[in-house]
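Inside the fold
Here are the chains, one letter per residue:
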Amino acid sequence: MFKDLQGFMESTRGQIVVICVIIVIFLLILIPRKDQKNKKADVKAMTISALLVAIAMVLGQIQLFRMPQGGGITLLSMLPIALCSYYLGTRRGIMAGMCLGLLNLIFGPYVIHPLQLLLDYPIAFGAMGMGGIFRNQNNGLTKGYLFGVFCRYICAVVSGIVFFGAYAPANFNSVTWSLWYNLTYLGVEAAITVVVISLPPVKKALKGLKSQI
């Protein structure tokens, strides 16, 4: 039933549909937060979100290690979405993450089912924006980043169990394999990123940008 879904996502028509969805999401980012005094369209928020999504796409192309069955350790590519939610709030962080996931769907889709498409792309990447709930706490960026990665990890694990369990090697079942496989690359990248953003100069610079934004 869904055998042509991969072909559709690789086609010009499919890519146009995805681009239209991305444009709609970016327009929704324009809607100001409820706590903002200025209720006009927030062009600054959309500009910052677009810039961070673009940076995330570039960093995502720099893979330090590529996993054999998908995924890999990239150069801090999950950090920009954490920064978006840290600077602009959870809603915009989720939307920026969804845009990033949809862009990945354009440039490197692997689709076998509509639910897998949603779970692996807009939902998984959008989940990284959930870290915005910690944005006003002490060490809010680090907490938010780790929580966002954890949310993406859950999505990846569920997708691995439901849609890719057949690839589990001997001595693993679909659950234990998905738990371990996704932890190996997401966990390592998260550890590297936390070390980087915990460096005093980096931490001070990122916190300073928040006060300016």
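Everything here concerns the structure above.
Summary of the structure given here.

The rules behind these values
Residues numbered from 1 in each chain as written. Predicted model: local features only at pLDDT ≥ 70, side-chain atom pairs only at ≥ 80, totals over all residues. Heavy atoms only, no water. Helix = DSSP H or I, 4+ residues; strand = E, 2+ residues; numbered from the N terminus. Rg over C-alpha atoms; globule rule 2.2 N^0.38 Å. Buried < 20%, exposed > 50% of the residue type's maximum accessible area, 1.4 Å probe, protein only. Axes fitted to C-alpha atoms, helices over the stretch in contact; angles between N-to-C directions. Parallel < 35°, antiparallel > 145°, perpendicular 65-115°, else oblique. Left-handed = near helix turned anticlockwise from the far one by under 90°. Contact = heavy atoms within 4.5 Å. Nonpolar A, V, L, I, M, F, W, Y, C, P; charged D, E, K, R; others polar. Phe/Tyr/Trp six-rings, centres within 6.5 Å; stacked < 30°, edge-to-face > 60°. Lys NZ or Arg CZ within 6 Å of the ring centre and 35° of its normal. 1 Å grid on protein atoms, 1.4 Å probe; cavity = no way out; pocket = protein on both sides within 12 Å on 5 of 7 lines; lining within 4 Å. Points joined across faces, edges and corners; volume = space filled by probe spheres on them. Core = buried A, V, L, I, M, F, W, Y, C linked by side-chain atoms within 4.5 Å.

A few points about the overall build of the chain
From N to C terminus, the chain includes nine helices and two strands. Ordered by position from N to C terminus, the α and β elements of the chain give α-α-α-β-β-α-α-α-α-α-α. A compact globule built from 213 residues would reach a C-alpha radius of gyration of about 17 Å, and the chain, at 17 Å, matches this within 12%. C-alpha atoms of the chain, sized along the principal axes, occupy 55 × 40 × 25 Å. Across the 213 residues in the chain, those meeting the buried criterion constitute 46%.

Thoughts on the packing of helix H3 (residues 43-60) against helix H5 (residues 90-107)
Two quantities define a packed helix pair, namely the angle between the axes and the distance from one axis to the other. For the pair H3 and H5, interaxial distance at closest approach is 10 Å and the crossing angle is 40°. Taken together, H3 and H5 sit at an angle that is classed as oblique. H5 is crossed by H3, and the crossing has right-handed handedness. Packed against H3, whose contacting residues are Ala45, Val53, Ala56 and Met57, the element H5 presents Arg92, Ala96, Leu100, Leu103, Asn104 and Phe107 at the interface. Of the residues in the contact of H3 with H5, the class split is eight nonpolar, one polar and one charged.

Remarks on the environment of Met46
Tracing the backbone through its elements, the reader meets Met46 in helix H3. With near-sequence residues (within four places) excluded, Met46 lies in contact with Phe26, Ile29 and Leu30.

Examining unusual backbone geometry
The backbone phi angle of Asn139 is positive, close to 55°, even though this residue is not glycine. Here Asn139 shows up in the loop between helix H6 (114-127) and helix H7 (140-163). The exposure class of Asn139 is partly exposed, given its relative accessible area of 42%. The phi torsion at Asn171 lies on the positive side, around 75°, for a residue other than glycine. Examined against the element boundaries, Asn171 turns out to sit in the loop between H7 and helix H8 (174-198). Its relative accessible area of 82% is what places Asn171 among the exposed residues.

Notes on the packing of aromatic side chains
Counting across every chain of the model gives seven aromatic pairs. For the ring pair Tyr86 and Tyr87, a centre distance of 5.5 Å and an interplane angle of 45° mean the geometry is tilted. Each member of the pair, Tyr86 as well as Tyr87, carries the same accessibility label: buried. Of note, Arg152 hangs over the ring of Phe125, and the distance from its end group to the ring centre comes to 4.4 Å.

Digging into the layout of surface pockets
What the largest pocket holds in volume is close to 1,100 Å³. Together, 37 residues line the largest pocket, and Gly70, Gly71, Tyr121, Arg152 and Tyr185 are the ones closest to its centre. By residue class, the composition of the lining of the largest pocket is 17 nonpolar, 16 polar and four charged. As for the second largest pocket, its lining consists of 15 residues, of which Tyr86, Asn139, Gly140, Lys203 and Lys207 are closest to the centre. Going through the elements one at a time, H7, H8 and helix H9 (200-212) are the ones with two or more residues in the lining of the second largest pocket. For the lining of the second largest pocket, the element with the highest residue contribution is H9, accounting for four residues. In terms of residue class, the lining of the second largest pocket is made up of four nonpolar, seven polar and four charged.

Topic: the nonpolar core
Counting 53 residues, the largest nonpolar core has Ile22, Leu100, Leu105 and Tyr145 as its most contacted members. Those elements that provide at least two residues to this core are helix H1 (5-10), helix H2 (12-29), H3, helix H4 (79-88), H5, H6, H7 and H8. If we ignore the near neighbours within four places in the chain, the residues touching Tyr145 are Met78, Leu79, Ala82, Glu189, Ala190, Thr193 and Val194. Of all hydrophobic cores here, the second largest spans five residues; its members include Leu119, Ala124, Cys151 and Cys155.

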